[in-house]
Structure formats: structure tokens, C-alpha cells
Amino acid sequence: MAVSLHTSYSLTRSSSKMEPATPPLNTCTVQHSRAAVSRLHMLFHCAAVSALLFYRFSNLVHGTVPLLSWGLITLSELIFTFIWVLSQAFRWKPVVRTVAPENLPVDEELPRVDVFICTADPKKEPVVEVMNTVISAMAMEYPPEKLAVYLSDDGGAAVTLYAMKEACLFARSWLPFCRKYGVKTRCPEAYFSSFGDAERELLESDEFDADEEKVQSKFEAFKRNVEKAAEIEDSVNDDRSSHVEVIYDNKKNEGIRVDDEPKLPLVVYVSREKRSSYPHRFKAGALNALLRVSGIMSNAPYALVLDCDMYCNDPTSAKQAMCFHLDPQFSDSLAYAQFPQIFYNVSKNDIYDGQARSAYKTKYQGMDGLGGTVCAGTGYYVKKKTLFCSRDQQEEYLQEPEKKFGFSRKLIDSVQELHRNNSVYTRHISEATVSEAKKLASCTYEQNTNWGKDIGYSYDCLLESTFTGYLLHCKGWKSVYLYPDRPAFLGCTTIDMKDALVQLMKWASGLVQVGLSSFSPLTYGMSRMPVLQSMCYGYFALSHLLSVACFLYGIVVPLCFFYGVPLYPKVTNPWFAAFATVFASSSAQHFYEVVSSGGSVRTMWNEQRIWLIRSVTACLFGCMDVLMKYIGVAKASFRLTNKAIDQQKLQKYEKGIFDFQGARMFMIPLTMLVLLNLGCFIGGAKGLLAAGDTAAMFGQGVLTLYVLLLSLPILEGLIPKIGK
């Protein structure tokens, strides 16, 4: 089947056949050269792997080799092969998309957008940082009367509500300043930092300098007030009633607005009820509560979901997303438009792979060409309707709505209005509406409904957005991925080993649990979406099993090297070429992808090093966590990543020094493997030199040395005497 190199889509605004076609809203380019190289590599690498496995099995069958050591190594290589096969789906048809927001309809014709921001703990998620995200969302380049910003505070902290009011007060000065001078960096913290220097130089003038000084003074006062309030009281309230408060209603004073009153979007604070006797459902529950509350307030057909530390860096992101959602060629089948998760504090060395190059510049683009990429959990614009129904059952979900959505008449009416695409809210929000919203955010509202099952975000996995995105694809919906030149959203990545591994363990546990459940992409997904797309989901769900293979390899290979038990053919044996080719082929493919996406040799080395560290620490613990859940030893728990920046840790990170403080439990298996490899390498090398025959053990020696080179930071960080 031929695929167009440059496929364009356009928005048709007139039914007249005689009128010329309107300019396209977006373009999709298939990367044919990249796909061709990848497909050739697949064939070459597959041949080498087949030869390697043939050698393994033929020797095991004939019984001429040690059964235990060779059996474990063969098992590891089968796992590596299985995951490699799944990963090839990403390389089959990579695409790159662009948008043309200038071709959108006029502002009056744009649909409304709700912004959902979730926070849970003002200590781990600093309130000022959360408010910067809120302010940047309020300042998006979108009609303010069609924009609403909702903050879910699962901590129920008084300081967060106070900060929301202070943020809205500051926004009355910040938004007019941004609009007057066309400021692009609309997160005030980023704008007034070194990140905004270049933009400020371009805008410099006497009038601008005077206005900027006034706004900066107000921003510093805002920060002082919030930080002072946080010092007095920043505790969370784990036993509370629901609280919904409209901080700013853009419809309340409509018609009597004075000239000096700036136009702001609707701003709402939501703290849902929390009781120890009811399940809280973590972030999925928060998002479902926001879906209900926003339904009876603004009821926008689209929602932007953001992490509390992921601010809007490009104010035009909403219009960029609308270039897909308003395209008649595929808008009826589109569930969400995903943007990459990019971080502003990634160091040049990037020792923890914070940029996640492999995901956002390779895998997501590859998956986008197969029907849609995975949902990253932040930075995506979702069509709310898709969270309520399958693509081929868009009428059935309105039948018996009380059983599905609950007994709120206002909520059911809002869902029906969304279905008819005529949800127009022109009235201000009344006290009765706020009172109804509090009921919708209560612990008991979801009882005997389909919320968390067929409606809204799923409760079957702690990775709520990723799993829900997977279910949307299973229901026939599509998604798109856009990697713009200017990052649409910027966040703060982890800068120490502990936080990085805690976060990865949560992901690994959730994904492996899905991969081994009845919802497995290789069974459930395979029958509901394209095969290649289900393989991509299978990779995300099961790739953490590589930790088992790495752990076995890290034990068996050095021990056999120490005792002189050969696991690979002699270097003079023709079969050795198969093993050497697999290693060289994998490295060449990795190098090609790194360089083609703007990386360097250092990038490649850092990625391999952190991959090894993650595999035998967080990923291994994640797999063990799944096992313990299955046997009933552990239960599901939400681990909140610490987003507060420690300056001492930041200095280490920027210098490229690994920080293992607080992560020693994670590092136990890795430390054990490093010391084992070191001791076995020294002992095995002495034995080889004494025997004078290195041909039989050459492969094992090189592999053990390679692991040791990758492990130098562990030796330096965990064994100070050796490091010195």
C-alpha cells in the first residue's frame, strides 16, 4: 500500500464545491529514509539473532555444555529477543507532523478548552511552582471567555487555596502585560529568570522597562506572600469534605466590565472529599472529579491535562492542538493530541537521561504512524466525549445515563450537550451550581456508577492517563503526536538517583501489571487495534522484564568467566561472528538513532549507562512489586515524586556527578553485581594470563569489562575509597 510522502489535511468551511480549498491545518510527513534504514537493519539483525539462538539451542540439545549456566543465559537472550521484536514496531513507519494555526477559524468560532492541573502535597510540590503553572495556563493565547483553569488539590491544603487567590490577583497585571508586548514566555518565574533574557532584550524600550519593573515587583510580592503562608501552614488534610470555589468567573461581570478590568479565564479550585473509609483513586479520581465539576461549570468539549510542575511554555499550544481536533479529515476519530514532556533543567551531560530522547524523538514518532502514540499523562489535549464511549458506540452511552454518570441532572444534561456539540455556557456560575459541584466531588458520588470503569479515567492501573489512552485506542479512537520547535510545555526533571528510581519503579510496576493482566496489549489489545500498534504497547508494558535478563546476565557471565566456563564460542570459531554481529548491530542502531535525533556519542554512552542502572534497580523492584501484589503481600500505593529542588543536589547534577543519597536500598542489586563483576574480572583475567589461552573466554572478558566501564559512577558513588 503506497503512502504519500507529504499528506496534508484542510478544514472545509463551506459546502460549495466551486470554492477553492482552504489552506491545510496540519501536515503529516512519513520519514521514508529513516523507515527504510530501520527495515534493512531489522532483516540484518534478525538473521544474526537467529544464528545466535540456533547456536544456543543446538548446543543445549546435544548436551555438550553446562546445562544450568547455558540455560540461564539462553533464557536471558530469549527475553532480549522478545523485547527487541516488539520494539521494531516503532521503527516501521515514523511520521513527523506540523501545524498551521494561522489557518484556524477566527477566535469566535474556536471551541472552549478546560485546563486540568493536579497537585497533592505542597511540601513535595512547592506551591509557588504550582501557581506558575496555573498562571501560565491562564495566560494562554486563546480567547479568555473560552478558557477555564481548574486546579485539583488532593492535599486539601489551605495554603494552596490562598495561593490560587493570590495568583489570580497577580494575573490581573501579568496577562495584560503579556498581551500588550506579545510575551511568549508566560510563566512568570521562567520569564524573570535567565530563560527570559533573550526575549526581554528583543522587547526592550523605555515604556517596556517601566511596565516590566511594575509587574516584576508585583510578582516578587506574590511569591513572598505565598512562601510566607507556606511557612505558617503547608500541611495536607486527609479527612475533609469536598470544597469547590470559583476564584474568578469571567461571566459574572460580563456586560458591566470597566475598561481597566482585564479579561481572565474562569478559574476554579477543587478539593474533593477524602475519607479513610472510601477509596481515593489517586490522580485518576482527581481527573474524574474535574471532568464532573467542569461539566456543570464550563463544559468545554476539550481538556488540557497538565502536571502541576509542567508550565505552558508556548501560549499557542491550544491552537496547535485545535489544528488536529478541528480537521474534518480525522477529527471524528481523534481522542487526543499529545505533546512531548520536555524539561528546562536538563544538564548538558544529562546523566539521568532526563530528556528521554528514545521515547519522545523515536518511539512516539514511530507509534504516531501506526494509529496514535501512548498518552504521556501530561501535555495532551483530549476530547472529553472520547472518555465516555467507544468510537462505534457514540449513541449507546447516553442510554440509562443515571447508571453510568450518576444521579446529577446537571451533569447528565452537560454530557448530552457535549454529545450534541452545542454546550454553550453564557451565564455566570451560581451558588446552586457550586453546591452541586461539591456533591460531584464527594466520596460517595461514584458509587454504583461506571466512573473509573467505562466512564472517565480508568481505576484499573495507577498510571491512569497511559492506561486510559491505551483503552481509548482499544475502543477505536486515534491520537496524534506533535513535537514543535518551541516546546509547548516545560517541566522540572528529577536531579538525583532516588527520585528518578522511585518514579521509574512506579511506572515499571504499573506497566508490567497491565502486561500480565487480562488487558495485556498482546491479547486484549491485539484484537482491538492494529497489530503493530499493539506491539508498541506490548513493548511499554513488558520491556521492564529486561531487568530479569540483565540480572541473570550480570551474575552468570562473570561467574563463568571466573571459573573458566565458556559461554560463547572461541574468537577463532565462525559462530563467534554471530554474537559479535548482534552486539555491533545493536550499538550501530542505537548510534544511528541518537545522531539522527541530534544527540552525540556522549548521549549514547549516558543512555546505555542509565539503562543498565535502571534495569537492575527500579525496573527489577517494579517487577518484584508486581509479584508481591499477585501473591497478596503488597497493595497498590501512589508514590508522589518530590518536585522541590535541592540546591546541593542541583550542583552535583550539573557537574555530572551521580547522587545516590537515599537510594541505597535501590542500589543493593546493582552494587552486588558491580562488585561481583569486578572481583570475577580480576580473578578471571589472572587465570587467563596464567593459562595463556584467551580465545575461549575472550567474549566473556570483553562483556564483563564493558559492564565495569558502564558502572564506574557506581564505584565512585558507593565505594568512596575506590573512587578516590
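These figures come from a predicted structure and were not determined experimentally.

**Student:** Account for the overall build of the chain, naming residues and giving values.
**Tutor:** On a plain count of helices and strands, the chain comes out with 26 helices and 14 strands. The C-alpha radius of gyration computed for the chain amounts to 27 Å, which stays within 12% of the reference 27 Å derived for 724 residues, consistent with globular compactness. Summarising its shape, the C-alpha atoms of the chain cover approximately 95 × 60 × 60 Å along the three principal directions. Looking at the chain as a whole, 57% of its 724 residues are labelled buried. Across the chain, contacts joining residues at least 24 apart in sequence account for 82% of those joining residues at least 6 apart. Per element, the accessible surface of the chain, about 31,500 Å² overall, is 58% carbon and sulfur. Distance between charge centroids for the chain: 6 Å, based on 74 positive and 72 negative side chains.

**Student:** So, the sheet that holds strand β4 (residues 113-119): which residues are in play, and what are the values?
**Tutor:** With mixed pairing, the eight strands of this open sheet are ordered in space as β6-β7-β5-β4-β8-β12-β10-β13. Of all strands in the sheet, those bounded by a partner on one side alone are β6 (243-248) and β13 (478-481). Taking the axes of each pair of neighbouring strands and ignoring which way they run, one obtains an average angle of 20 degrees across the sheet. The strands that helix α9 (residues 317-325) touches are β4, β8 (302-307), β10 (334-338), β12 (380-383) and β13; relative to β10, the one it contacts most, it runs at about 145 degrees. Across the sheet, helix α14 (residues 464-474) is in contact with β10, β12 and β13; its angle to β10 comes to roughly 140 degrees.

**Student:** Account for the sheet that holds strand β14 (residues 489-491), naming residues and giving values.
**Tutor:** Strand order in the open sheet made by the three strands is β9-β14-β11, with mixed pairing throughout. The open sheet has two edge strands with one neighbour each: β9 (311-312) and β11 (342-343). Across two bridges, β9 lies against β14 in antiparallel orientation. Looking across to β14, one finds that Cys 312 is bridged to Phe 489.

**Student:** Mind laying out the pairing of strand β7 (residues 266-271), listing which residues take part and the relevant values?
**Tutor:** With six of its six residues buried, β7 lies for the most part within the structure. What you see with β7 is no split at all: Leu 266, Val 268 and Val 270 on one side and Val 267, Tyr 269 and Ser 271 on the other are buried throughout. Judged from the five bridges that link them, strand β5 (residues 147-153) and β7 form a sheet pairing that is parallel. In the sheet register, Ser 152 faces β7, and the bridge partner there is Val 270. Here five bridges tie β6 to β7, and the two strands are oriented antiparallel to one another.

**Student:** Tell me what's going on with the nonpolar core, and back it up with residues and numbers.
**Tutor:** Grouped together as the largest cluster of nonpolar side chains are 73 residues, with contacts concentrated most on Tyr 150, Met 297, Phe 388, Phe 405 and Tyr 457. For this core, the element with the highest residue contribution is helix α8 (residues 282-297), accounting for eight residues.

**Student:** Residue-level account of the packing of aromatic side chains, with values.
**Tutor:** Applying the stated criterion across every chain yields a total of 52 aromatic pairs. Consider the rings of Phe 177 and Tyr 191, whose centres lie 6.1 Å apart with planes at 75 degrees: the pair is edge-to-face. One end of the pair, Phe 177, is in helix α4 (residues 158-181); the other, Tyr 191, is in helix α5 (residues 188-191), and 14 residues separate them in sequence. Aromatic side chains Phe 467 and Phe 519 sit 5.4 Å apart centroid to centroid with 85 degrees between the ring planes, which places their arrangement in the edge-to-face category. Here Phe 467 is found in helix α14, whereas its partner Phe 519 is found in the loop between α15 (497-515) and α16 (521-525), with 52 residues between them in sequence. The class for Phe 519 is partly exposed, based on a relative accessible area of 23%. One aromatic cluster is present, built from ring pairs that chain together Phe 170, Trp 174, Phe 177, Tyr 181, Tyr 191, Phe 192, Phe 208, Phe 219 and Phe 222. Sitting over the ring of Trp 70, Arg 56 keeps its end group 4.7 Å from the ring centre. Here the basic side chain of Arg 292 rests over the ring of Trp 451, its NZ or CZ set 4.9 Å away from the ring centre.

What counts, and at which threshold
- Residues numbered from 1 in each chain as written.
- Predicted model: local features only at pLDDT ≥ 70, side-chain atom pairs only at ≥ 80, totals over all residues.
- Heavy atoms only, no water.
- Helix = DSSP H or I, 4+ residues; strand = E, 2+ residues; numbered from the N terminus.
- Rg over C-alpha atoms; globule rule 2.2 N^0.38 Å.
- Buried < 20%, exposed > 50% of the residue type's maximum accessible area, 1.4 Å probe, protein only.
- Contact = heavy atoms within 4.5 Å.
- Areas by Shrake-Rupley, 256 points an atom, 1.4 Å probe, with all protein chains shown as cover.
- Lys, Arg positive; Asp, Glu negative; His and termini not counted.
- Charge placed at Lys NZ, Arg CZ, Asp CG, Glu CD.
- Pairing = 2+ DSSP bridges.
- Axes fitted to C-alpha atoms, helices over the stretch in contact; angles between N-to-C directions.
- Core = buried A, V, L, I, M, F, W, Y, C linked by side-chain atoms within 4.5 Å.
- Phe/Tyr/Trp six-rings, centres within 6.5 Å; stacked < 30°, edge-to-face > 60°.
- Lys NZ or Arg CZ within 6 Å of the ring centre and 35° of its normal.

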